[in-house]
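The residues making up each chain are set out below.
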Amino acid sequence: MSNNAQHIAIIRLSAMGDVAMTVPVILALSQQYPDLKITVVSRPLFKSIFENIPNINFFSVHTHNEHKGVLGIIKLYSVLKALGVTQIADFHNVLRSQVVRQLFALSGKKVAATDKGRAEKKALTSLTNKDFRPLKTMIQRHLDTLKELGYSVNLDMPYLLEKEPIPEKACSILGEKNEKWIGIAPFAHYSGKSYPIDLMEKVIAALSENKQNKILLFGGEEDFAQLEKLVNGSDNVFNFSKKFSFTDELHLISNLDVMLSMDSGNAHLAALFGVKTITLWGATHPYAGFAPYNQPEENCLVSDRVHYPLLPTSVYGNKKVDGYEDAMRTISPEKIVDRILSQLN
């Protein structure tokens, strides 16, 4: 599998979950083609996801200043060309990455882009004549892109990141890891993907009854106040919003026993480390191809399509459909707790 002269740049700029889903593919590529030089092109925030992978270079794209606009895109192309990039795998396939890709193609380099399956996803989420069937996963779509470039990569075994050391600051809060650590990320960017907060309170209350469990709550700075309400004075529930850098939070997530998340980035980050990951699906559905890597299908708890037959109504959760606001209430707290306990045992 020698590719001594080849240097592939893999472009995936955002969002966090989408970037995370490239990791197993890139890990497998680097191990199955050890002579291939690989540069991951993404936002600076995501560097810590890749920095401990051997033989991977990371190039930070600054889309708000240095690489903004047409001149910024041309600069990005020039820098990648100067690095000796000979092939482009465009995992993002948006206007910015398309321009870079075309510039490389015009210079005689081999390029390929991930087919996002937009027409199939539109049919899956259509409110009329819905085509409800599982679509190709994003991971498989990325593998297809690499195959176009001549790399037959297989995921016949799990390709996972190694667990990181627990951050000292986390140890000072949680103590030694003698209990089960259950991560919960109760929010998502869109309300159609967020489990009702009153039901999440019941999940947390049930799990925190067992003092051998420690519940670690994750969310953005804007979620801090709501997460404090979920702590509710419990001595084994902890709010980690605003406490850590992204890198430290990533390292802490790698040491969880279970992660409960919406269809969101935290689920994908946990799955990268082999953490047992349970996801809750409202307006969206795992059939669209965004289920966390290497997790059993039964860990995806979906809203009831008997009561809400138009589900999924959206690929990303950003579309609202009248009468579907309470779809996630069909996923009972008891079902979630049972699933978590089954994974802990």
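Below or above, wherever it landed, is the structure these notes cover. Worth saying up front: this structure is predicted, and the values here are computed from it rather than measured.

A closer look at the sheet that holds strand β2 (residues 37-42)
Strand order in the open sheet formed by 5 strands is β3-β2-β1-β4-β5, and the pairing between neighbours is parallel. The open sheet has two free edges, formed respectively by β3 (56-60) and β5 (110-113), since each of these has just one partner strand. Each strand of the sheet is rotated relative to its neighbour by a mean of 20°, with strand direction disregarded. With 5 bridges joining them, β2 and β3 adopt parallel strand pairing. By the bridge assignment for β3, I38 is matched with I56. Across the sheet, helix α7 (residues 138-148) touches β1 (7-11), β4 (87-90) and β5, and the angle it forms with β5 is around 160°.

So, the sheet that holds strand β8 (residues 237-239)
The strand order β8-β7-β6-β9-β10-β11 describes an open sheet built from 6 strands, whose pairing is parallel. Strand pairing shows two members of the sheet lacking a second neighbour, β8 and β11 (300-302), which therefore form its edges. Averaged over all pairs of adjacent strands, the angle between their axes in this sheet comes to 20°, without regard to strand direction. Sheet analysis places strand β7 (residues 213-217) next to β8, joined by 3 bridges and oriented parallel. Counted as the bridge partner of L217 is N239 from β8. Set on the sheet, helix α12 (residues 265-272) makes contact with β6 (180-185), β9 (258-262) and β10 (276-281); between it and β9 the angle comes to about 155°.

Things to note about helix α6 (residues 118-125)
Those residues of α6 not exposed but buried are K121, L124 and T125. An end-on view of α6 places all buried positions within 85° of arc, on one side of the element. Exposed and facing more than 90 degrees away from the buried side of α6 are A119 and K122.

A short note on a nonpolar patch on the surface
Together, V70, L71 and I74 make up an exposed nonpolar region whose accessible area comes to about 330 Å². Tracing the backbone shows I74 in helix α4 (residues 69-82).

Calculation criteria
- Residues numbered from 1 in each chain as written.
- Predicted model: local features only at pLDDT ≥ 70, side-chain atom pairs only at ≥ 80, totals over all residues.
- Heavy atoms only, no water.
- Pairing = 2+ DSSP bridges.
- Helix = DSSP H or I, 4+ residues; strand = E, 2+ residues; numbered from the N terminus.
- Axes fitted to C-alpha atoms, helices over the stretch in contact; angles between N-to-C directions.
- Contact = heavy atoms within 4.5 Å.
- Buried < 20%, exposed > 50% of the residue type's maximum accessible area, 1.4 Å probe, protein only.
- Arc of directions from axis to C-beta.
- Patch = residues over 30% accessible without salt bridge, like charges linked within 9 Å, V, L, I, M, F, W, Y side chains within 5 Å.
- Areas by Shrake-Rupley, 256 points an atom, 1.4 Å probe, with all protein chains shown as cover.
- Salt bridge = Lys/Arg side-chain N within 4 Å of Asp/Glu carboxyl O.

All we've got here are geometric facts, nothing functional implied.
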